[in-house]
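This is what each chain is made of:
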Amino acid sequence: MARFVMEFERPLVELEDKLDELKALDVASLPELAAEIEDLEREVERLRETLYAALSPWERVQVSRHPARPKTDDYVAELFTDVVELRGDRAYGDDEAVFTALATLGARRVVVIGHRKGRTTKENVRRNFGSPHPEGFRKARRAMRLAEKFSLPVVTFLDTAGAYPGLEDEERGQAWAIAECLATLSDLPVPVVVVGIGEGGSGGALAIGFGDRLIMLENAYYSVISPEMCAMILYKDTARAAESASALALTADDLMRLGIADEVVPEPLGGAHRDPAPVIVAVGERITSALEALSAEDTGALLENRYGRLRAIGVFAEGDG
Amino acid sequence: MPINDWFKQRESRRYTVTSGSGADLPDGVWRTCPECRKTLYQGDVARSLSVCPHCAHHFELIAADRIEALVDPGSFEETNASVGSVDPLRFSAVKPYTESLAAARESCGLAEAAITGRARIGDRAVAIGALDFRFVGASMGSAVGEKVTRLFELAIAERRAVVLVVASGGARMQEGMLSLMQMAKTAAAAERLARAGLPYVSVLVNPTYGGVTASFAVLADMIFAEPGALVGFAGPRLVEQTIRRSLPKGFQSAESLVDHGMIDGVVPRAEMRGRVAAVLGYLVPGGDV
Ligand SMILES: [Zn+2]
């Protein structure tokens with residue numbers, strides 16, 4: 001795959017390329033080159049830190065969409081063993097935009113549900129770029145029911161731009177499929193741990209996107225509407241997505257502040273794609289410790305707490321004040 | 001303003017002339033039916049539940065009228081009337097969210113897009129709510145989510161059936177993730193009602209979209225819609241852009257939803273009260289014998 005450059009990191013990438021060029025030259029024949037390279041390395045490092053140290057919400061959205069960012073497939077491959085995929089909604093088809101499986105995390109058997117973006121174009125076409133059809137949500141619900149029946153905790157991975165807004169999707173009840181997931185998840189009598197790994201696009205993310213813990217990667221986002229569509233509605237101009245991204249309070253930090261997320265997993269400077277392995281390991285540890293804590297709760301308390309978490313979300317006025 | 005005052009005030013406004021969306025016109029105004037283009041006297045329209053006497057076009061109704069049209073006369077008692085939106089994210093775009101809220105309150109005389117309360121339908125105790133599309137497109141932010149959730153909880157506590165008349169543009173963008181999470185919150189409350197073995201009937205009216213359709217609106221035991229109502233998840237323009245061809249006639253209409261198996265029926269406004277009462281007759285626990 002050709003290297004993917006996000007707009008805001010272009011100056012850095014140009015400098016990095018320059019550095020690579022210099023390094024490729026024959027240092028022995030150009031004695032002053034070593035010093036030159038050292039200077040440039042310092043410059044690259046400095047720029048990298050200023051550029052990535054405080055990403056804007058819109059820049060984080062771009063990082064969350066980076067094609068090389070670790071995806072559900074990567075987390076499943078690295079963290080889980082003995083994976084047995086569940087396929088099909090038993091009504092219409094098998095939507096590859098949603099991955100469901102029986103899997104083992106450490107010593108714990110779980111049900112995994114995740115939005116599934118592809119790595120290659122071919123994969124992405126099959127998986128509709130991670131935007132589920134109704135049958136994807138119905139497959140997810142089937143997996144939830146299986147988890148209930150066999151008392152298996154559920155781990156979900158969020159990475160979708162949103163539910164697919166197609167014609168047949170509407171005709172096959174996209175809204176119904178999402179709503180049924182919400183209802184099922186709300187009182188599923190097993191622990192549910194949610195990890196925001198990339199994009200958290202609206203109702204399509206929420207359908208598998210709440211539970212007993214919400215773990216957000218530092219540059220993952222979760223939003224009621226995409227910044228582009230928000231800008232389209234507000235300004236009739238998708239180019240103003242950056243402003244919308246700031247206004248929507250969609251970053252991991254925003255979600256902590258709003259009392260929606262429970263913890264944030266830090267990413268390496270520049271994003272998880274620059275060094276995925278430690279991020280994936282950290283996510284595995286967070287899931288494991290969340291499941292450990294939740295498994296100690298009895299089912300009644302677990303469900304009361306889950307309802308209480310939802311019940312506490314919202315800011316409104318009451319009374320004449 | 002409490003709903004009873006609103007009714008009183010409406011009485012006092014008879015035979016004045018105003019312009020507006022059409023949902024709250026005083027009786028002494030002439031209007032044109034958008035469907036058959038005939039000129040109608042608002043007094044006649046109001047007497048027929050705001051349905052065109054010539055072509056049966058269903059005009060928009062304000063939430064208070066929606067409730068009045070369904071419940072036993074005089075039985076409605078509002079709850080949580082003072083719950084209203086604030087601006088938790090200090091959302092400011094073309095105009096500040098606080099200004100949109102103030103304008104909506106001023107023009108609708110409502111604290112929020114949802115009205116909820118206790119009532120009786122066919123002498124059965126219900127918890128009833130309606131959304132008012134004039135109020136920020138009846139979008140669901142924290143306050144609407146809270147009122148709908150409390151309505152389900154009230155119904156569980158008092159063993160009532162729930163009836164909701166839904167219109168909405170979807171989740172309220174201006175409250176960001178707080179709005180999105182109201183979908184989960186209201187769905188969770190609806191699920192609790194279901195677990196309590198209590199019936200829930202929803203009435204979808206034009207238009208119902210987005211995060212409201214994809215949460216509590218379609219989790220009912222039976223779903224009815226008004227003729228011609230448009231109901232969906234994604235708006236028609238977005239769908240058209242996505243598929244890059246024009247949409248079939250009747251796309252997302254109540255009538256097509258019946259064909260696709262998504263709702264239980266298209267019911268004219270004048271028959272809705274009877275239909276809801278009939279369903280409650282079957283589903284309200286201990287209703288007979
Ligand atoms: Zn007409």
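Here the structure is shown first, and the text comes after it.
The structure displayed is predicted, hence computed values, not measured ones. (Residues numbered from 1 in each chain as written. Chains lettered and ligands numbered in written order. Predicted model: local features only at pLDDT ≥ 70, side-chain atom pairs only at ≥ 80, totals over all residues. Heavy atoms only, no water.)

Caption draft 1: The arrangement of the sheet that holds strand S3 (residues 108–115) of chain A in detail. Residues and elements named next belong to chain A. Taken together, the 7 strands give an open sheet; going across it, the order is S1-S2-S3-S4-S5-S6-S7, and neighbouring strands pair in mixed fashion. The open sheet has two edge strands, strand S1 (80–86) and strand S7 (263–265), and neither has a second partner. Neighbouring strand axes in the sheet, compared pairwise and without regard to direction, differ in orientation by 25 degrees on average. Packed on one face of the sheet, helix H4 (residues 72–79) meets S1, strand S2 (98–105), S3, strand S4 (154–160), strand S5 (192–200) and strand S6 (213–217) and runs near 130 degrees to S1. Against the sheet, helix H6 (residues 134–149) touches S1, S2, S3 and S4, its axis set at about 25 degrees to S2. (Pairing = 2+ DSSP bridges. Helix = DSSP H or I, 4+ residues; strand = E, 2+ residues; numbered from the N terminus. Axes fitted to C-alpha atoms, helices over the stretch in contact; angles between N-to-C directions. Contact = heavy atoms within 4.5 Å.)

Caption draft 2: The arrangement of the interface of chain B and chain A in detail. At the junction of the two partners, chain B supplies 59 residues and chain A supplies 51 residues. The contact between chain B and chain A buries some 4800 Å² in all, and 70% of this surface belongs to carbon and sulfur atoms. Taken as a group, Met-173, Met-177 and Phe-233 of chain B account for 14% of the area that chain B buries against chain A, more than any other trio of residues on that side. At the boundary of chain B and chain A, one finds 5 salt bridges. Residue Asp-187 of chain A pairs with Arg-195 of chain B through a salt bridge whose shortest N-O separation is 2.8 Å. Linking chain B with chain A are 15 residue pairs in polar contact (both at pLDDT 80 or more). When residues of the side of chain B that touches chain A are traced back to their parent elements, those giving at least two are helix H5 (142–158), helix H6 (176–195) and helix H8 (236–243) of chain B. Sort the elements by how many residues they give to the side of chain B that touches chain A and H6 of chain B lands first, with 16 residues. In this structure, strand S8 (residues 316–317) of chain A lies alongside strand S4 (residues 84–85) of chain B, joined through 2 bridges in antiparallel fashion. (Buried area = accessible area lost by both parts, 1.4 Å probe. Salt bridge = Lys/Arg side-chain N within 4 Å of Asp/Glu carboxyl O. Polar contact = N/O pair within 3.5 Å; in protein donor to acceptor, adjacent residues only side chain to side chain.)

Caption draft 3: Region of the structure containing the pattern of salt bridges. The final tally for this structure, using the stated rule, is 47 salt bridges over all chains. One salt bridge connects Glu-153 of chain B with Arg-311 of chain A, and the closest N-O pair in it is separated by 2.6 Å. Placement of Glu-153 of chain B in helix H5 and of Arg-311 of chain A in helix H14 (residues 299–311) is noted, with the two residues assigned to different chains. Judged by relative accessible area, Glu-153 of chain B falls into the partly exposed class, the value being 25%. One salt bridge connects Arg-269 of chain B with Glu-226 of chain B, and the closest N-O pair in it is separated by 2.8 Å. In this pair, Arg-269 of chain B sits in helix H10 (residues 269–283) while Glu-226 of chain B sits in the loop between strand S9 (222–225) and H8, placing the two residues 43 residues apart along the sequence. On the basis of relative accessible area, Glu-226 of chain B is assigned to the buried category, the value being 6%. Among the charged side chains, a network of salt bridges with common partners joins Arg-311 and Glu-318 of chain A together with Glu-146, Arg-150, Glu-153 and Lys-185 of chain B. (Buried < 20%, exposed > 50% of the residue type's maximum accessible area, 1.4 Å probe, protein only.)

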